[in-house]
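These are the residues of each chain, in order.
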Amino acid sequence: MAPLNRETIGALDGARLLDDILGLPGQLGDALWRVESAGLEAHDSPAGLIVAGMGGSAIGGALARAVLGDRASRPVLAARGYGLPPWTMPGTTVLCASYSGETEETLACYEAAGALGAQRVVVTSGGRLAELAREDGVGVIPVPGGFQPRAALGYMLVAALEVAALCGAAPRLAAEIDVASAHLESLVREWGPDAGEDSLAKSLARALQGTVPLIAGAGLTTAIAYRWKTQINENAKQPAFWGELPEIDHNEIAGWDGAAALAPFSALFLNDSDTHPRLRARIALTELMVAPSAHFTRVLSTRGETALERVCSLVLLGDLVSCYLAVLSGVDPTPVRALTEFKQALAERE
């Protein structure tokens, strides 16, 4: 079995997506500087913050909400689609997040927020969204170009956290961002390509190879489970699904009775040190119940002290696993042919 080292990964990873994943610690610090240098003014948004975006640009908002938890004093929600929630009002801040600046759903939300008189902020690398924002005098948080949108997670996460603080929806977490960056550096060494072949990330990738993974989150880890699913979809180019406890205990576990006859399925359960005790019990029991029908099961726990450290730890692990899975399957993790073809086909229907 070929080792998962820089040489074997580099032979397939022509665009060096792995380097972008390993750069997550540096993204956090750079993102903090970019928000500060954008010169955004603090303002009061009694209706809270909406992060409008799609795909890799939207997940930063969902993870920010998980990080803030009960420290958020006002709603911090994501909007994925062509419109904003019906309760959006002038007292709402809308962070329009589009890495490319060309995401049509996010552009529609930008226009909708303006029509409603909501406070707008933009985070993007350029494109039409940046042009519109500058024409309208809307603040822009610039992110560097050259990334796949899904690989710019650190920038989108920090932007959402910082804007939440600027609009009065949550406290500022600048010190925690610095601590999380240092924590991730140690995890990069532990799980990255220079680590041993028995490292957690490489072992998980080999265990998941050839299976259909189902990733379950609970509480803090719910948004992380979704991130794992989408990263396996885009990087490894294979099906993966996600769910949330306790909801899956009311439906999905029944489906495992027939799983073994359909395909080799695997199940990962994402746990956290601050998970509600009843949810922890559900995680253990759910794994026990699905294991007889699964090819592989595992409970994974966050690492770190602060909520931001813990969220970022499992995000990094999932990103690495998805990249290693791509290499084990002999595919380049960067291109997303299906997404490109779909966008082209949709544009022809305008």
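The rules behind each value
- Residues numbered from 1 in each chain as written.
- Predicted model: local features only at pLDDT ≥ 70, side-chain atom pairs only at ≥ 80, totals over all residues.
- Heavy atoms only, no water.
- Pairing = 2+ DSSP bridges.
- Helix = DSSP H or I, 4+ residues; strand = E, 2+ residues; numbered from the N terminus.
- Axes fitted to C-alpha atoms, helices over the stretch in contact; angles between N-to-C directions.
- Contact = heavy atoms within 4.5 Å.
- Buried < 20%, exposed > 50% of the residue type's maximum accessible area, 1.4 Å probe, protein only.
- Right-handed = clockwise from strand over helix to strand, strands pointing away.
- Phe/Tyr/Trp six-rings, centres within 6.5 Å; stacked < 30°, edge-to-face > 60°.
- Lys NZ or Arg CZ within 6 Å of the ring centre and 35° of its normal.

> Honestly, the sheet that holds strand S5 (residues 139-142) in this entry has me stumped. Any pointers?
Backbone hydrogen bonds are what pair the strands of a sheet, in a parallel or an antiparallel way. The strand order across the open sheet formed by five strands is S2-S1-S3-S4-S5, and the pairing between neighbours is parallel. Pairing within the sheet leaves two strands with one partner each, and these edge strands are strand S2 (76-79) and S5. Neighbour-to-neighbour, the strand axes of this sheet turn through a mean angle of 20 degrees, independent of strand direction. Against the sheet, helix H7 (residues 153-166) contacts strand S1 (49-53), strand S3 (93-98), strand S4 (119-124) and S5, and its axis sits at roughly 170 degrees relative to S3.

> I tried to follow the pairing of S4 on my own but got confused; where do I start?
Here is the key point about a regular strand: its side chains alternate between the two faces of the sheet. Burial analysis of S4 places five of its six residues in the buried class, the great majority of the element. Across six bridges, the pairing between S3 and S4 is parallel. Within S4, the residue paired with Cys-96 across the bridge is Val-122. Read from S3 through helix H5 (residues 104-116) to S4, the crossover connection turns out right-handed. In this structure, S4 lies alongside S5, joined through four bridges in parallel fashion. Bridge assignment links Thr-124 to a residue of S5, and that residue is Pro-142.

> Would you explain the packing of aromatic side chains in this entry?
In this description, an aromatic ring pair is defined by two values, namely the gap between the centres and the angle between the planes. Following the criterion strictly, the structure yields four aromatic pairs and no others. Geometrically, the ring pair formed by Tyr-99 and Phe-147 is edge-to-face, given 6.4 Å between the ring centres and 85 degrees between the ring planes. With Tyr-99 in the loop between S3 and H5 and Phe-147 in the loop between S5 and H7, the pair connects residues that are 48 residues apart, well separated along the chain. Side by side, Tyr-99 and Phe-147 carry an identical accessibility label, which is buried. The interplanar angle of 70 degrees and the centroid separation of 5.3 Å between the aromatic rings of Tyr-226 and Trp-242 together place this pair among those described as edge-to-face. With Tyr-226 in helix H10 (residues 222-236) and Trp-242 in strand S7 (residues 241-245), the pair connects residues that are 16 residues apart, well separated along the chain. A relative accessible area of 35% places Trp-242 in the partly exposed class. Ring-pair connections join several aromatic residues into one group, and the members of that group are Tyr-99, Phe-147 and Tyr-155. One cation-aromatic arrangement involves Arg-120 over Tyr-110; the distance from NZ or CZ to the ring centre is 4.1 Å.

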